[in-house]
Amino acid sequence: PAPRTVLLTGAAGGLGSLMRDLLPAYGYELRLLDLRPIEGEPDAIAADLADRDAVREAVRGVDAIIHLAGISLEAPFEKILKANIEGTYHLYEAAREEGVGRIVFASSNHAVGYTPRPQGDDPLIPIDTPRRPDTFYGLSKCFGEDLAQLYWDRHGLETVSVRIGSCFPEPTSVRMLSVWMSPSDGARLFHAALTAEHVGHTVVHGSSANTRLWWDLTSARALGYEPQDDSEPYAEKLIAEQGELQDGNEAHAYLGGQFVTDPPIWPY
Ligand code: NAI
Ligand code: 15L
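Residues numbered from 1 in each chain as written. Chains lettered and ligands numbered in written order. Predicted model: local features only at pLDDT ≥ 70, side-chain atom pairs only at ≥ 80, totals over all residues.

## Observations concerning the site of ligand 1
Here comes step 1: In the vicinity of ligand 1 there are 24 residues, among which G13, L15, S72, A106 and I164 approach most closely.
Here comes step 2: Looking at the shell around ligand 1, the elements with two or more residues in it are helix 1 (14–22), helix 3 (77–98) and strand 5 (102–108).
Here comes step 3: Looking at the shell around ligand 1, the element that brings in the most residues is helix 1, giving 3 residues. (Near = placed C-beta within 6 Å. Helix = DSSP H or I, 4+ residues; strand = E, 2+ residues; numbered from the N terminus.)

## Considerations on helix 6 (residues 183–195)
Residues that lie three or four places apart on an α-helix share one face, since the helix turns once every 3.6 residues.
Here comes step 1: The first and last C-alpha atoms of helix 6 sit 18 Å apart over 13 residues, in line with the 18 Å expected at 1.5 Å per residue.
Here comes step 2: Most of helix 6 is tucked away: 11 of the 13 residues are buried.
Here comes step 3: For helix 6, the full list of buried residues reads P183, D185, G186, A187, R188, L189, F190, H191, A192, A193 and L194. (Expected span 1.5 Å × (residues − 1). Buried ≥ 20, exposed ≤ 12 C-beta atoms within 10 Å, placed from the backbone.)

## Concerning the confidence of the model for the chain
Here comes step 1: Overall, the predicted model of the chain reaches an average pLDDT of 96, with 98% of residues at or above 70.
Here comes step 2: The ipTM assigned to the predicted complex is 0.99, against a pTM of 0.98. (pLDDT = per-residue confidence, 0-100.)

## A word on the packing of helix 2 (residues 52–59) against helix 3
Here comes step 1: Relative orientation of the contacting elements helix 2 and helix 3 amounts to 50°, with a least axis distance of 9 Å. In terms of axis orientation, helix 2 runs oblique to helix 3. Here the hand of the crossing between helix 2 and helix 3 comes out right-handed. Facing helix 2, whose interface residues are R52, V55, R56 and V59, helix 3 presents H90, L91, A94, A95, E97 and E98.
Here comes step 2: Of the residues that constitute the contact of helix 2 with helix 3, the class distribution is 5 nonpolar, 1 polar and 4 charged. (Axes fitted to C-alpha atoms, helices over the stretch in contact; angles between N-to-C directions. Parallel < 35°, antiparallel > 145°, perpendicular 65-115°, else oblique. Left-handed = near helix turned anticlockwise from the far one by under 90°. Contact = placed C-beta atoms within 7 Å. Nonpolar A, V, L, I, M, F, W, Y, C, P; charged D, E, K, R; others polar.)

This is the structure:
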């Protein structure tokens with residue numbers, strides 16, 4: 001049966017807030033979890049993924065999990081280790097112990113951020129492109145994908161790992177024209193990932209059907225995902241403001257964009 005009750009971790013964050021608005025229309029009852037309290041959501045669980053007992057209690061009784069919680073940018077290794085690596089492990093252990101059947105894992109383009117961006121007639125980046133994390137953050141997403149594979153092979157716990165491009169209300173850079181996932185398409189993709197049959201561990205690219213797309217959406221479409229949006233209407237304005245992507249600019253050369261050149265940021 002299709003999942004009904006879904007635990008949304010990272011529910012206070014940018015993507016979590018967008019999904020809190022959009023996913024109920026698909027019939028899901030969301031249970032919310034985040035470190036931070038959420039305004040207007042008194043029933044949300046305020047818990048740290050480091051707290052194994054709280055995580056186990058949070059997953060009890062849900063049909064599936066959308067796992068967004070964690071550090072979403074580059075940060076010192078020790079912080080990434082705790083939130084993204086140990087935190088994701090705690091969630092998977094809790095899901096295994098409580099018999100939850102499926103997790104949708106928010107992986108990232110930064111797991112493969114050092115992949116050169118396709119230019120000219122280059123083929124789209126395939127989903128089995130070699131791992132090339134651009135940061136400790138991207139490395140933690142590689143770990144999450146491998147953890148998901150282990151829990152499928154060993155415990156039969158299914159995961160769809162979504163290598164999200166940039167999911168924001170609008171694209172805000174020329175690079176984002178190629179990797180943007182509109183919030184509505186994000187909800188469509190998460191819904192497909194929750195409801196497709198026999199996913200085992202499937203890795204998909206997460207974006208809209210952008211005219212300037214850099215990567216292949218075949219595995220996402222195979223789940224039943226049919227993207228409806230395209231960043232192209234934003235192109236003229238963004239290119240007028242920022243110029244085209246340039247050869248010889250390292251931050252324009254790779255899928256991961258500025259993550260390959262920026263110094264670490266610590267937002268919390
Ligand atoms: P965000 O930083 O706005 O939200 C992350 C949320 O996780 C925050 O509300 C934070 O309080 C919570 N959190 C952090 N550590 C936690 C912990 N130890 N225990 C419980 N909660 C914790 O990030 P955003 O943009 O909403 O992204 C959500 C997820 O999607 C992240 O895992 C991010 O890596 C991934 N992602 C997002 C993309 C995007 O375009 N928004 C692109 C690629 C991946
Ligand atoms: C990510 O993984 C980040 O979580 C998000 O904030 C964006 O920076 C996105 O990638 C991106 O590459 O644009």
